[in-house]
Each structure stands twice: as C-alpha cells, then as structure tokens.
Amino acid sequence: MPLTCDVLIIGGGIAGLSLASALAGRATVIVAEAEAALASHTSSRSARQLIPSYGPPAIRELTVRTLALLRRTEQETGRRFLTPRSFLLIGDEAQVRGQASSHMAFISHAEAIKLSPELRPGSFEAAGLDTTSFGCDTDLLIEHHRTTAEAAGARILTNAPVTAAVRGADDGGAGGDGGWEVQAGARSIVADTVVNAAGAWADNVAAFFGAAPQGLVPYRRTAAVVKVARPLLPEQPMVATADNTFYYRPEGDQVLISPSETEPSRAEDARPRETDIQALVENINSATTMGIEAVDRAWTGLRTEPADGHPVVGFDGQTAGFFWLAGQGGYGFQTSAGIAELAAGLILDGTADGTGVSGETIAALSPRRRTL
Ligand SMILES: Cc1cc2nc3c(=O)[nH]c(=O)nc-3n(C[C@H](O)[C@H](O)[C@H](O)COP(=O)(O)OP(=O)(O)OC[C@H]3O[C@@H](n4cnc5c(N)ncnc54)[C@H](O)[C@@H]3O)c2cc1C
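Residues numbered from 1 in each chain as written. Predicted model: local features only at pLDDT ≥ 70, side-chain atom pairs only at ≥ 80, totals over all residues. Heavy atoms only, no water.

1. A word on the packing of aromatic side chains
Tallying each qualifying case throughout the model produces 6 aromatic pairs. Both rings, one in Trp180 and one in Phe209, keep their centres 4.9 Å apart while their planes meet at 80°; by these two values the pair is edge-to-face. Here Phe209 lies in the loop between α6 (202-208) and β13 (217-228) and Trp180 lies in strand β11 (residues 180-184), a separation of 29 residues in the sequence. Each member of the pair, Trp180 as well as Phe209, is classed as buried. One residue, Arg97, lies across the ring of Phe106, its end atom 4.1 Å from the ring centre. (Phe/Tyr/Trp six-rings, centres within 6.5 Å; stacked < 30°, edge-to-face > 60°. Helix = DSSP H or I, 4+ residues; strand = E, 2+ residues; numbered from the N terminus. Buried < 20%, exposed > 50% of the residue type's maximum accessible area, 1.4 Å probe, protein only. Lys NZ or Arg CZ within 6 Å of the ring centre and 35° of its normal.)

In structure tokens, the structure reads:
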C-alpha cells in the first residue's frame, strides 16, 4: 500500500525540514531523504552565520524576516538558536562600499583593528561592520524542525531516495485526483503536491517529474577549523574580505576559516582538497597574526544557485503539483524561516498574503521569473 500525504518534501536538509515544520498541523506531510541521516549534505557544512547585510535585496529581506521568526520561536520554545556575532567586511574602499547595505556601517581602520586586533594593518584599507548579524546553532535548529514536524504527525523517511514519479489521472487512480505517485527507496508515496528541496540534486530530481531544469549550479565551498597560537576572543566578529579571498570567525578556542571559493561542481558528496587548505592557511597567516598551527578538521559543501543568484521558490510553471524550494546558495540558513513561511503560504493558500514577504521578493524567487 502506498503512503499518502498532502505534501511530499524531497530532501531532508534545512530547506525541506524548515518547510515540514512550517506546515505542521496544517497539512499531512512526508519528508523523503535519500541518505541514512538528515542534513548530511550542505546543511551540516555551513559557517552557521546569519548576516542581514549579505546578499542581494531579496536575500536581505528574507534574512531579516528569518531572524524575526527565529526570535519568536526562541521565545515560544525556550530554545536558543541565535547568538549575537558581528560581521566585519574588509577590503579596499571601493569593494567595501560596493557591498555595503543599510545594515552595515562604515568604521575607521583603527576601529576595525580594535575589534579584530589580529588583522595586520596593511592587509586592508576600509571596513564595514554589521552589528545585526548572528551566529546560529544549526544542529539545534534542524532538530527543532524535525521534532516540530514529527510532533504534528509528519513522517520523516531516511534511506528514501526519490528515483521515479508518475502523474495520476484526475480519475481517482494512481496518484489520485491528479496527484503524484512517487518511488522513494522501497516506498511508494501518493501526494497532492511534491516539493523539490533536493539541494545540489534539485535539477536532477525535477527530471523525474518531467519538469524543466532551473539551471541550478552547485559551487564548492570549503571550510576548516584550525588551532591557532593566539586564539580570538569568543565575542570577536566574523571577518570576511570583500574580494572573497577568505573569511574566519572564532570557534571555541579554535578558528573557523574558509577560502570563500566558488568553483562549479557536479552534484556529489564534495570533499576538501589539501592544496586548497594549505593555500588558505598561508593566506590567513600573512593577513593576520593569529598564527594557524594545525588543521583540526576540514570539509566542503555545495552552495547551489541559478545564474541570477536568487533561490527558486514556487510552483513550477509547466508541471502541475510540483513546487521548487531550491537554489539557496550561501544563504540557506539565513533565509530558511522566511522562505519556509513563503512556501507554506503558496502551497496551502495559493498566495503569500499574510506572510512577511514582499511582492518584489516573491517575484524574484518565482520559478517562472524568466517569463513573468
Ligand atoms: C562552507 C559553507 C558555508 C556556508 N555558510 C552559510 C552560512 O553561514 N549561512 C547560511 O545561511 N548559509 C550558509 N551556507 C549555505 C547553506 O549551508 C545552504 O544554503 C543550505 O544548507 C542548503 O540547504 P538545502 O536543504 O537546500 O540543501 P541540502 O542540505 O544539501 O539538502 C538537500 C537534501 O536533499 C537530499 N536529496 C537529494 N536528492 C534526493 C533524492 N533524489 N531523494 C531524496 N533526497 C534527496 C540530499 O541527500 C540532501 O540531504 C554555507 C554553505 C557552505 C558549503
């Protein structure tokens, strides 16, 4: 017997689980995750920072909305996801001005050095500071979404890779009322609406449903946690270069570092390269005095986005009952609650009225935006 639900979500990363939790109690939900564990791809490999000044306007709006929603959830549940951590952008004057937004204030060179005394004075010219930025306990957030969804009756299946789908006729047959019958591992699932939250694999998953690809490209992004001779203070900001050569932030008594690379990849379980890490260590050791001594651990994840850099959120223009929740790039956590709220509104009510998301942003994220 197939399982049945209103909404089948493909992918158990932050995107799929945020939506499952936003739909809790409002629809019957099944999440199908290919791997044995939830959030084992990009969602377990992030830098865990939510930065309102980072990204194009639609992203910034969704980040502010996400922070408001997460704060509300913190108050309701007593769980603490967010810890204030400022974001310091450094570079030459033009680069920093080019990326500044209303959430970022220009500060003097001396102020930047006071905040991040490990920076060598000659390594940058100008600085911008976003004091509205937060670190995020992403493991706790994912666990919160899983438990919220399950408490409301959602079924979360692991080892359930979606490999095929057929559209039922409007005659109450397979897929009933024109819904989808989907093969997910050993299970057959009948759903009115299917949500594609498959991260780097989202265009591949769309093909099972006969939906045209969105031109989503996975880009490698590596990070490492390193031991340093002179640890940063826990309250120090995250520091990023405006020309995307590196970023770092305190991680306990160690430091999280990244080369900020954006290198196209196929959809895969990406792995770090020794040479990239070595070059990064040399780069940060020459720009700062923290003195990286050893690499504790390193990882690579895939940040997946379409050519215009906006996520793809909404019903497909051609394929009925097929909803996109993909292309979050480097913003998947900082936009997660805002995007889940938007997606839940579009799926359940056919409108985003009543959500905190603007019409401009809804249009910017629409899968049909190229033809709108
Ligand atoms: C180094 C790095 C640093 C980052 N830092 C930040 C940060 O500070 N702040 C921020 O907001 N974002 C950050 N990001 C981006 C963020 O991590 C991503 O945007 C987010 O995790 C994407 O979530 P997702 O659920 O879309 O994808 P994923 O977590 O990859 O989830 C997709 C899931 O779909 C599953 N799947 C695929 N195909 C199928 C199938 N056929 N059937 C069933 N399941 C399937 C996969 O197994 C996977 O679990 C960073 C990313 C990286 C790599």
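2. Quick word on the nonpolar core
Ile9, Leu19, Val29 and Leu325 are the most contacted members of the largest nonpolar core, which has 44 residues in total. The element best represented in this core is helix α8 (residues 336-349), accounting for 7 residues. In contact with Ile9, not counting residues within four places along its chain, are Gly16, Leu19, Ala20, Leu23, Val29, Ile30, Val31, Ala32, Val195 and Ala197. Formed by 27 residues, the second largest nonpolar core is a distinct cluster that contains Val162, Ala198, Val205 and Ala206. (Core = buried A, V, L, I, M, F, W, Y, C linked by side-chain atoms within 4.5 Å. Contact = heavy atoms within 4.5 Å.)

3. Some details on the domain arrangement of the chain
Taken domain by domain, the chain consists of domain 1 (3-47 + 139-216 + 308-365) and domain 2 (87-130 + 217-304). A straight line from the C-alpha centre of domain 1 to that of domain 2 covers 32 Å. Listed per partner, the contact involves 14 residues of domain 1 and 15 residues of domain 2. Of the roughly 1,200 Å² buried between domain 1 and domain 2 on both sides combined, carbon and sulfur atoms contribute 54%. Together, Arg45, Ala47 and Ala200 form the three largest contributors to the area buried by domain 1 at its contact with domain 2, with a combined 47%. Taken together, the links from domain 1 to domain 2 amount to 1 salt bridge. Linking Asp269 and Arg45 is a salt bridge whose minimum nitrogen-to-oxygen distance equals 2.7 Å. Taken together, domain 1 and domain 2 are joined by 8 residue pairs in polar contact (both at pLDDT 80 or more). (Domains from an automatic or database assignment. Buried area = accessible area lost by both parts, 1.4 Å probe. Salt bridge = Lys/Arg side-chain N within 4 Å of Asp/Glu carboxyl O. Polar contact = N/O pair within 3.5 Å; in protein donor to acceptor, adjacent residues only side chain to side chain.)

4. Points about helix α1 (residues 14-22)
Counted residue by residue, α1 has 8 buried out of 9 residues, so it is predominantly covered. Those residues of α1 lying buried are Ile14, Ala15, Gly16, Leu17, Ser18, Leu19, Ala20 and Ser21.

5. Things to note about the site of the ligand
Around the ligand sit 37 residues, and of these Glu33, Ser43, Gln49, Gly329 and Gln334 come closest. One nitrogen or oxygen atom from the main chain of Ala47 is found 2.9 Å from a nitrogen atom belonging to the ligand. The separation between an oxygen atom of the ligand and a polar main-chain atom of Arg48 is 3.3 Å. Relative to its unbound accessible surface of 1,000 Å², the ligand loses 95% to contact with the protein. At the level of elements, α1 and β18 (292-305) are the ones that each hand at least two residues to the shell around the ligand. Taken together, the residues that form the shell around the ligand break down as 16 nonpolar, 15 polar and 6 charged. (Near = heavy atom within 4 Å. Areas by Shrake-Rupley, 256 points an atom, 1.4 Å probe, with all protein chains shown as cover. Nonpolar A, V, L, I, M, F, W, Y, C, P; charged D, E, K, R; others polar.)

6. Notes on the pairing of strand β15 (residues 247-251)
Moving residue by residue along a regular strand, the side chains alternate between the two faces of the sheet. By the criterion of burial, β15 is predominantly enclosed, with 5 of the 5 residues buried. The alternating pattern of β15 places Tyr247, Arg249 and Glu251 on one face and Tyr248 and Pro250 on the opposite face, and all of these are buried. Bridge count for strand β14 (residues 238-241) against β15 is 2 bridges, and the pairing is antiparallel. Within β15, the residue paired with Val239 across the bridge is Tyr248. Between the antiparallel neighbours β14 and β15 lie 5 residues, among them Asn244 with a positive phi of about 55°. Bridge analysis of β15 against strand β16 (residues 254-258) gives 5 bridges, and the strand direction is antiparallel. Paired with Arg249 across the bridge in β16 is Leu256. (Pairing = 2+ DSSP bridges.)

7. Concerning the pattern of salt bridges
By the definition in use, this model includes 16 salt bridges. Between Asp296 and Lys227 there is a salt bridge, with its nearest N and O atoms 3.3 Å apart. Residue Asp296 is located in strand β18, and its partner Lys227 is located in strand β13; the two are separated by 69 residues in the primary sequence.

8. Quick word on the environment of Met104
Within the secondary structure, Met104 is located in the loop between α3 (93-99) and β6 (105-107). Looking at Met104, the relative accessible area reads 8%, which means it is buried. Along the chain, Met104 and Gly128 lie 24 residues apart, while their C-alpha atoms are 5.8 Å from each other. Excluding residues within four positions of it along the chain, Met104 makes contact with Ser53, Phe87, Leu89, Gly128, Leu129 and Asp130.

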